[in-house]
Amino acid sequence: MRAVMRAAAVPLTSVVLGLVLGAVLIAVQGHSVTSAYGALVLGGAGDADALLRTLQKATPLVFGGLAVAFAFKAGLFNIGGQGQLLVGAAFAAGVGFGLEGVPLVVHLPLALLVGAAAGAAWGAIAGVLKATSGAHEVIVTIMLNFVAGNLTDWLAANPWQDRSGSNIIARTPLVQPSAEIPTWGWLPAGFVLAVIAAFACWFVLERTTYGFEVRSVGANRHAARYAGISVGWIMASTMAVAGLLAGAGGAIESLGVDGRFEAGVNVGLGFEGITIALLARTNPIAVIPAGLLVGLMEAGAAKMQFESGVAPEIIDVIQALILLFVAAPMIVRWLLRLRDRPDSPDRRLTLGAGWGR
Amino acid sequence: MSAPDGTGAGPATATPSLGMRGWSPQRVWSVAGAVVLVALVWGFYAWDGAQTTAVMGGTVRAATLLVLGAMCGMVGERSGIVNIGIEGQFLMSAFTAFTVASISGSLFLGVVAGVSTGLAMGWMLAAMSVGLRTDQIIAGTVLNIAALGLTSFFYDRGRSLGQPKYQSIELGPLADLPVVGTALFNRPPLTYLALVLVVVLHVLLLRSVWGMRTTAIGEHPGAAATVGIDVIRLRYWNVTLAGGLAGLGGAYLALESVGTFTRAMSGGRGFLALAVMIFGRRTPLGAYAAALFFGFTTALQGQFQLNDTFDIPAQFVGMLPFVVTIIVVAAAGLFGRMRDPAALGQPYEVR
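Here the structure is a predicted model, which means the values were calculated and not measured.

## Points about the overall build of chain A
And step 1. In terms of regular secondary structure, chain A is built from 14 helices and two strands.
And step 2. Expected size for 357 residues packed as a compact globule is a radius of gyration near 21 Å; at 21 Å, chain A falls within 12% of this value.
And step 3. For chain A, the C-alpha atoms occupy an extent of roughly 65 × 60 × 35 Å along the three principal directions.
And step 4. Counting contacts in chain A only where the partners sit at least 6 residues apart, residues at least 24 apart contribute 80% of the total.

## A short note on the overall build of chain B
And step 1. Per the secondary structure count, chain B includes 13 helices and two strands.
And step 2. Sorting the 351 residues of chain B into buried and exposed places 52% on the buried side.

## Here's the deal with the interface of chain A and chain B
Interfaces are often sized by the amount of accessible area the parts lose when they come together.
And step 1. Residue-level contacts link 43 residues of chain A with 44 residues of chain B.
And step 2. At the level of elements, α5 (104–133), α6 (137–157), α11 (269–279) and α13 (314–327) of chain A are the ones that each hand at least two residues to the side of chain A that touches chain B.
And step 3. When residues of the side of chain A that touches chain B are assigned to their parent elements, the largest contribution, 11 residues, is made by α6 of chain A.
And step 4. In terms of residue class, the side of chain A that touches chain B is built from 28 nonpolar, 12 polar and three charged.

## Here we look at the environment of V31 of chain B
And step 1. For V31 of chain B, the location among the structural elements is in helix α1 (residues 25–47).
And step 2. A C-alpha to C-alpha distance of 31 Å links V31 of chain B and I169 of chain B, two positions 138 residues apart in sequence.

## Considering unusual backbone geometry
And step 1. Positive phi, close to 60°, is recorded for T282 of chain A, a residue that is not glycine.
And step 2. With respect to the helices and strands, the residue T282 of chain A is situated in the loop between α11 and α12 (284–308).
And step 3. We note that R282 of chain B has phi near 60°; this positive angle belongs to a residue other than glycine.
And step 4. Here R282 of chain B lies in the loop between α11 (269–279) and α12 (284–306).
And step 5. Judged by C-beta crowding, with 23 C-beta atoms within 10 Å, R282 of chain B ranks as buried.

## So, helix α3 (residues 86–104) of chain B
Residues and elements named next belong to chain B.
And step 1. Here α3 contains 19 residues, and its C-alpha end-to-end distance of 26 Å stays within 8% of the 27 Å for a straight helix at 1.5 Å per residue.
And step 2. Judged by how many residues are buried, α3 sits mostly within the fold: 17 of 19 residues are covered.
And step 3. Phi for G105, located one or two positions after α3, is positive at around 75°.

## Some words on helix α4 (residues 81–98) of chain A
And step 1. In this model α4 of chain A runs 25 Å from its N-terminal to its C-terminal C-alpha over 18 residues, within 8% of the 26 Å that 1.5 Å per residue would give.
And step 2. Among the 18 residues that make up α4 of chain A, 17 are buried, leaving the element largely enclosed by the rest of the structure.

## Some remarks on the confidence of the model for chain B
All names here are of chain B.
And step 1. On average, residues of chain B score 83 in pLDDT, and 87% of them reach the 70 mark or higher.
And step 2. The element-level mean pLDDT for chain B is lowest in helix α6 (residues 181–185), coming to 71, with α3 highest at 96.
And step 3. Below a pLDDT of 50 lies the segment residues 1–20, which in the model reaches 30 contacts outside its immediate sequence neighbourhood of four places, other chains included.
And step 4. If you check the scores for this complex, the pTM reads 0.86 and the ipTM reads 0.86.

## Remarks on the packing of α3 of chain B against helix α10 (residues 231–258) of chain B
Residues and elements named next belong to chain B.
And step 1. At a closest axis distance of 7 Å, the pairing of α3 and α10 adopts a crossing angle of 55°. With respect to their mutual orientation, α3 and α10 come out oblique. As for the relative orientation of α3 and α10, their crossing is right-handed in sense. Contacts from I86, Q89, F90, L91, M92, S93, A94, A97, F98 and A101 in α3 reach G243, A246, G247, G249, G250, A251, L253, A254 and L255 in α10.
And step 2. Here the contact of α3 with α10 is composed, by residue class, of 13 nonpolar, six polar and no charged.

## A few points about the environment of L204 of chain B
Residue and element names in this part refer to chain B.
And step 1. Looking at where L204 falls in the secondary structure, it is placed in helix α7 (residues 189–207).
And step 2. L204 gets classed as partly exposed once you count the C-beta atoms within 10 Å, which come to 16.
And step 3. As a C-alpha pair, L204 and T141 span 63 residues in sequence and 29 Å in three-dimensional space.
And step 4. Excluding its chain neighbours within four sequence positions, the residues that come into contact with L204 are W210 and G211.

Criteria and cut-off values
- Residues numbered from 1 in each chain as written.
- Chains lettered and ligands numbered in written order.
- Predicted model: local features only at pLDDT ≥ 70, side-chain atom pairs only at ≥ 80, totals over all residues.
- Helix = DSSP H or I, 4+ residues; strand = E, 2+ residues; numbered from the N terminus.
- Rg over C-alpha atoms; globule rule 2.2 N^0.38 Å.
- Contact = placed C-beta atoms within 7 Å.
- Buried ≥ 20, exposed ≤ 12 C-beta atoms within 10 Å, placed from the backbone.
- Nonpolar A, V, L, I, M, F, W, Y, C, P; charged D, E, K, R; others polar.
- Expected span 1.5 Å × (residues − 1).
- pLDDT = per-residue confidence, 0-100.
- Axes fitted to C-alpha atoms, helices over the stretch in contact; angles between N-to-C directions.
- Parallel < 35°, antiparallel > 145°, perpendicular 65-115°, else oblique.
- Left-handed = near helix turned anticlockwise from the far one by under 90°.

Below is the structure:
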């Protein structure tokens, strides 16, 4: 328990600092801080509807956070969650509306699987390039985000466009009922999948040989190679797993929340995964509460704007502040008078190295 | 984590083989490429002058932003600091440049505000990555996310520039030259400023004491420190000043290229600038050549959308610069002998 508290001290303080500075911004703009934050919490957890919204928002965030956290364990920085999520969302929607007369037990898993596989393929491009040519995954995944944005826009605006009525929006038709992810009261089934995915990531990383190899590559690539681990394979497969997670998040967004894929709707989700993964200290289990926190803020932002007039974009500012404090833990350590121990989890947040090998 | 390769006896000899001795195969290739390019442009110009001029103008316009970002990146990287926050620096300075120009009614004050914002963000990156020794890639990501959040929060949809954006200035008879006249010598002021900065920075980086010291702290900070260079201080200065270049880029984007501010208007060009920097081997002139190439793909995209000669969906043309970047980065790793500064990405701790 003490270990958990010590590990959580910096992230929790960062969240508090972010909220305090956010409050200052709200006050400077002449709004009431208590009514703004009150509405934010009520809008995110005040009743069953609010809770459902929070959990729906949190689902892709947890997947996006896992996509970053998992790659991080191998020393790779996956900024490509955005693109992986987009292709996952688009292809899941494609299978979701395209197949007709298929029973739910086949259709839904198939649509989910295709979305996740599309994300995995997208992530694998960066992993394979990294392993074969040394192309830095940060540059490649950023570029793939833009390629994915264009590709999915084209899919939604041309071959897969909803032609019903007079629709001119770049979006697919609604998915068939047999491909819809159900919602049980306030609990969306997609969130359950997110929790399962988080525990599965923890298990793979901490309790399997593969996970050990991933962590070895992350700790010291050269030592891992010397120990007989195929570093190239680990890097390529880790990026594929990361893409699989983000793609699954996108698929659930299409099949369980939006009911279709629409160009430009999911923009930004992939980047929040970075904040969430770092807030969770790249621990897969901790990604769940981190995702819930951000999900709650996003779910409550509309009510906050309605009741106190604060622009919902304040959420983005608070997130950026939290990320700043988590990423520069020395600020928080100084505030908390914590000693900088060589084995502290912050010390492990290094990617180092340049663009080459 | 490659081992330092024997350079670094002192600042005077610390420059790697960047000199211009002889004709390396690489140089032969670039000259041959340039000749083919000129011939092609001339051919197209003869075939359709108006359209070729439009594409060339678009190329220079897109290249200006990219080369400013690339120069920001290379000053940081030559000092050993990776800057992936250029995108955020562009966005934030475009926002302040636009807002200040709109309120004050002066484009010049807008540029000053944009450059100042760039400097401030450069200082933040330095404070995080040099001072607090945060992982540099994460520090840059913080800048990007913060810029997107702040500019979205303060974005005022109703605000307009309230005056025309920077207009072109003809450089006398040079503007009447065939082929390149309009594209190069009939441009708005910030484009000329950027071109001057390319040349000045090229000379400074490769020929001045400051440039050699910068290379030294990026290649072997420990050795640089032993000959009396204050590594931390120089890294702070370089990363901060480099931010000013990105700030000028943001001001250029808002006040000269587009003439307004929109959400997320940098559109990934801060990231493309990194690819331009790598492609240009971290030299300003090289980066400008690379920026022209990338700018050309952007200009083609605009031109393809205007006429129906080629029936390619806009989204596929839009992918072009990004796909090219991936290929370039992968090819640089596979075939190139490009080497990063040895200490790139590693925090320097005074012991």
